[in-house]
Amino acid sequence: MNTELMVKNATQVKVDEFLTRPLRMLIDGAWVDGEHGERELIDPTTGAAFARVTRGSEANVDAAVRAAERAGAVWRELTPARRAELIHRLGELIHEHADELALLESKNTGKPLSQARMFDVAHAAETAIANSGWATRLNGETRDMSRPGDWHAMTIRQPLGVVGAIVPWNAPLPMAVNKTTAALAAGCTVVLKPAEITPATTVRLGELILEAGIPAGVVNIVLGAGSVVGEAMVQHPTVAKISFTGSTEVGVRIGQACAASMKKCSLELGGKSPVIVFPDANLAKAVPAVAMGIFGNSGQVCAAGSRLFVHQAIHEEFVAAIAQFANQLRVGAAGDADLGPLISDTQKQTVLGYIESGIQEGATLVCGGDITGPGYFVRPTVMTDVHADMKMVREEIFGPVLAVQTFDDETSLSELLARANDSDYGLSASVWTRDISTALTLARGLEVGTVRLNSAVGIDPALPFGGVKMSGTGRENGIEGVEQFTEIKTIVIDLSS
Ligand code: NAD
């Protein structure tokens, strides 16, 4: 057997061995069982159970929050440089265990191994390393005051305290790493909760956090139902901020609950992102990018470009090219698959329901639809003859379904903007044209948090990312993301006395 294969097999054995033990919670540096028994984890490529996970209670959350509160003093006693070093070490460890984490994330979510390796794990490591740098770069300012007098005025940035980080199932590892390392860089301590159905990589992350030398209690991981563990985090009086990524429905409830006690919260929620393609665009580049912008991760991406507006002059050829691209994507559980399954049977039935509702309302199914058999697979789907009022155009599907609408030379840019902005959501958008004034006019007018010109969806640790309208509030990534874990305090000194 060659060395590469032996290493691969050894990694697989390690992952299998990790999954033979029930996954437990990390509280105050110790691995503990939850008070609400266990549940099975289901492999979405087969529908079969592959591991067991403990389920936490309100009391488990309380213990985790108290541990994080105690550890706050320890964490903040370290110099910013030392905190940066420990977060950086975590990023290195994620790199070093990339193959193992990718295998685990692939099992955890069903996504193809190559995608887990190239996107999820690589992004998680990059994010930890990028966020580590902020630990030494968060500063206040001195200010010149408007009032007359002999003043020295300044601001300082202080960590909020204990942060509750709540993560969904579509990219469990990078989102857990992003929220955790941004909060740590700001000097906060963390109680982290993965989605109940995808906790595996978060638990392994907890082991790496301890291995990196991050002190006990600085990061705690609680496992269990959103309605129990998540609610308890949101209600806990010691939690200073909730950093939530998930559905708009749950995000709204969390926002309301936080408002009642003035708890800070950032909400990264759903999307229904427009993609606008003009005839002068580089279509050879646009076709695969637009296709993967909606079909990547089987459409389970908050910023997925799900509403395509294509100019009438290229409509037929562009839709045919997207459909051809979609039809050659390999959907399945094999190592060389391009797309994996949806996360659960419930999610699959939801996606099929949206496709059916589109057909009922008069849309044409160009390609895609159900794949029968074990696992929760749906083929990448393109639908034309759709109009703005259809349910499948208005609501987030969170599946591989592209709804195509057209515009033409008679459509003014303001009309096009009105159509693209005709959505409750406002997360991201992409525009494909070589005309700089068209591109910038649309970029300025689109009601979203991020606009990509001649490129598809992508999240970069350096760039603020977040939504407007029902896509949420607050930003993650970049200094804006880290600053949201701090409070500004103003200090004024009267020098005349
Ligand atoms: P979800 O809202 O059902 O769950 C997200 C997390 O919240 C899970 O950990 C869940 O256990 C927890 N939760 C559920 N109910 C809760 C409650 N009452 N109190 C506290 N926590 C609770 O979302 P999901 O189905 O896991 O994820 C899919 C959604 O996430 C989609 O709408 C998608 O658009 C969104 N998302 C947004 C972004 C973004 O950055 N904007 C990124 C990824 C996913």
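Structure shown above.
So, a few notes on the structure that sits alongside this text.

What counts and what doesn't
- All residue numbers refer to positions counted from 1 along the written sequence of the respective chain.
- With pLDDT at 70 or above as the cut-off, local features in this predicted model cover only qualifying residues; side-chain atom pairs require 80 or more to be listed or tallied, and sums for whole chains, interfaces and linings still use all residues.
- To get the side-chain values, take all heavy atoms of the structure and skip hydrogens and water.
- Paired strands are those between which DSSP finds at least two bridges.
- For helices the rule is a DSSP run of H or I covering at least 4 residues; for strands it is a run of E covering at least 2, with both sets numbered from the N terminus onward.
- Axis lines are fitted to C-alpha atoms, over the contacting stretch for helices. Their N-to-C directions set the angle, which ranges from 0 to 180 degrees.
- In what follows, a contact means two residues having at least one pair of non-hydrogen atoms within 4.5 Å.
- We call a crossover right-handed when, viewed with the strands running away from us, the connection from the first strand over the helix to the second turns clockwise.
- Think of a 1 Å grid over the protein atoms and nothing else: a 1.4 Å probe that fits but is trapped marks a cavity, an open set flanked by protein within 12 Å on at least five of seven lines marks a pocket, and residues with an atom within 4 Å of a point count as lining.
- Grid points are joined across faces, edges and corners, and a volume is the space filled by probe spheres set on the points.
- Throughout this entry, Asp, Glu, Lys and Arg are counted as charged residues, while Ala, Val, Leu, Ile, Met, Phe, Trp, Tyr, Cys and Pro are counted as nonpolar. The remaining residues, Gly among them, count as polar.
- By convention, a stacked pair of Phe, Tyr or Trp rings (six-membered ring in the case of Trp) has centres within 6.5 Å and planes under 30 degrees apart, an edge-to-face pair has planes over 60 apart, and any other such pair is tilted.
- With a 1.4 Å probe rolled over the protein chains alone, any residue whose accessible area is under 20% of its type maximum counts as buried; one over 50% counts as exposed, and the rest are partly exposed.
- By definition, being over a ring means that NZ of Lys or CZ of Arg is both within 6 Å of the ring centre and within 35 degrees of the ring normal.
- The criterion for a residue being near a molecule or strand is simple. One of its heavy atoms has to lie within 4 Å of it.
- We call two N or O atoms a polar contact when they sit within 3.5 Å, provided that within protein one can donate a hydrogen and the other can accept it, with sequence-adjacent residues counted only if both atoms are side-chain atoms.
- What sets the accessible areas is the Shrake-Rupley method with a 1.4 Å probe; for residues, cover comes only from the shown protein chains.
- The residues that make up patches have over 30% relative accessible area and no salt bridge, and they are joined within 9 Å when like-charged or within 5 Å when they are Val, Leu, Ile, Met, Phe, Trp or Tyr.
- For salt bridges, the criterion is a side-chain nitrogen of Lys or Arg within 4 Å of an Asp or Glu carboxyl oxygen.

### Side note on the sheet that holds strand β16 (residues 401-407)
The seven strands lie next to each other as β14-β15-β16-β13-β12-β18-β19, forming an open sheet whose pairing is mixed. Each end of this open sheet is capped by a strand with a single partner; those strands are β14 (364-370) and β19 (450-453). Shown here is a sheet whose adjacent strand axes are inclined to one another by a mean of 15°, direction ignored. Pairing of strand β12 (residues 274-277) with strand β18 (residues 428-432), which is carried by three bridges, proceeds in the parallel orientation. Pairing of valine 277 across the sheet is with tryptophan 432, part of β18. Strands in contact with helix α12 (residues 345-360) are β14, β15 (378-384) and β16; relative to β15, the strand with the most contacts, it is inclined by about 25°. Helix α15 (residues 436-445) rests against β12, β18 and β19 of the sheet, and its axis sits at about 165° to β19.

### Details of the pairing of strand β11 (residues 264-268)
Summarising the sheet, strand β10 (residues 239-245) and β11 pair through five bridges and their orientation is parallel. Across the sheet, serine 243 pairs through a bridge with serine 266, a residue of β11. In this fold, the crossover linking β10 to β11 by way of helix α9 (residues 248-260) has right-handed handedness. Where β11 meets strand β21 (residues 472-473), two bridges bridge the pair, whose relative direction is antiparallel. Directly across from leucine 267, in β21, lies its bridge partner threonine 473.

### Structural notes on empty space enclosed by the protein
This model, assessed by the stated rule, comprises six cavities of 30 Å³ or more. Along the walls of the largest cavity sit 17 residues, with Ala303, Ser428, Ser430, Ala456 and Val457 positioned nearest its centre. Looking at the lining of the largest cavity residue by residue, the class counts come to nine nonpolar, seven polar and one charged. Size it by volume and the second largest cavity reaches roughly 80 Å³.

### Some details on the packing of aromatic side chains
On inspection of all chains with the given rule, the structure shows two aromatic pairs. Ring geometry for tryptophan 169 versus phenylalanine 398: centroids 5.3 Å apart, planes at 75°, classification edge-to-face. In this pair, tryptophan 169 sits in the loop between β7 (162-166) and α6 (172-185) while phenylalanine 398 sits in the loop between α13 (391-394) and β16, placing the two residues 229 residues apart along the sequence. For the residue pair tryptophan 169 and phenylalanine 398, the accessibility class agrees, reading buried in each case. Taken together, a centroid distance of 5.1 Å and an interplanar angle of 65° make the contact between phenylalanine 278 and phenylalanine 407 edge-to-face. Here phenylalanine 278, found in the loop between β12 and α10 (283-295), pairs with phenylalanine 407, found in strand β16; they are 129 residues apart in sequence, far enough to count as distant. On the accessibility criterion, phenylalanine 278 (12% relative accessible area) is buried. Among the residues examined, phenylalanine 407 registers a relative accessible area of 4% and is labelled buried. Over the ring of phenylalanine 485 we find lysine 241; its NZ or CZ atom is 4.8 Å from the centre of that ring.

### Points about the site of the ligand
Around the ligand sit 27 residues in total, of which Val167, Lys193, Ser247, Leu269 and Glu396 are the nearest. A distance of 2.9 Å separates an oxygen atom of the ligand from a polar side-chain atom of tryptophan 169. Between the ligand and serine 247 there is a distance of 2.6 Å, counted from an oxygen atom to a side-chain nitrogen or oxygen. Considering the ligand on its own, with 850 Å² of exposed area, one finds that the protein chains cover 88% of that surface. Looking at the shell around the ligand, the elements that each hand over two or more residues are α8 (226-235), β10 and α9. Here the residues of the shell around the ligand are counted per class, giving 15 nonpolar, seven polar and five charged.

### Focus on the sheet that holds strand β6 (residues 151-159)
The antiparallel open sheet is built from three strands, whose spatial order is β5-β6-β22. The open sheet terminates on both sides in strands that have one partner only, identified here as β5 (142-143) and β22 (486-494).

### Some remarks on unusual backbone geometry
One non-glycine residue, methionine 262, lies in the positive phi region at around 60°. Mapping methionine 262 onto the fold places it in the loop between α9 and β11. Residues other than glycine seldom take positive phi values, yet lysine 469 does so here, at roughly 50°. Turning to its location among the elements, lysine 469 is positioned in strand β20 (residues 468-469).

### A word on a nonpolar patch on the surface
Taken together, the side chains of Met145, Trp151 and Val492 make up a nonpolar region of the molecular surface, amounting to roughly 250 Å² of accessible area. In this fold, valine 492 is placed in strand β22.

### Thoughts on the pairing of strand β13 (residues 307-311)
In terms of residue burial, β13 counts as a mostly covered element, since five of its five residues are buried. The alternating pattern of β13 places Arg307, Phe309 and His311 on one face and Leu308 and Val310 on the opposite face, and all of these are buried. Here four bridges tie β12 to β13, and the two strands are oriented parallel to one another. Counterpart to proline 274 in the pairing with β13 is arginine 307. On the question of chirality, the crossover connecting β12 to the parallel β13 by way of α10 is right-handed. Relative to β16, β13 runs parallel, the two sharing five bridges.

### Here's the deal with the pattern of salt bridges
Within the structure shown, the criterion is met by 28 salt bridges. A salt bridge links arginine 24 to aspartate 33; its shortest N-O distance comes to 3.1 Å. With a closest N to O distance of 3.2 Å, lysine 107 and aspartate 43 form a salt bridge. Of this pair, lysine 107 sits in helix α4 (residues 98-109) while aspartate 43 sits in strand β3 (residues 38-43), and the two are 64 residues apart along the sequence. Through salt bridges with shared partners, a single network forms among Lys14, Glu100, Arg204 and Glu207.

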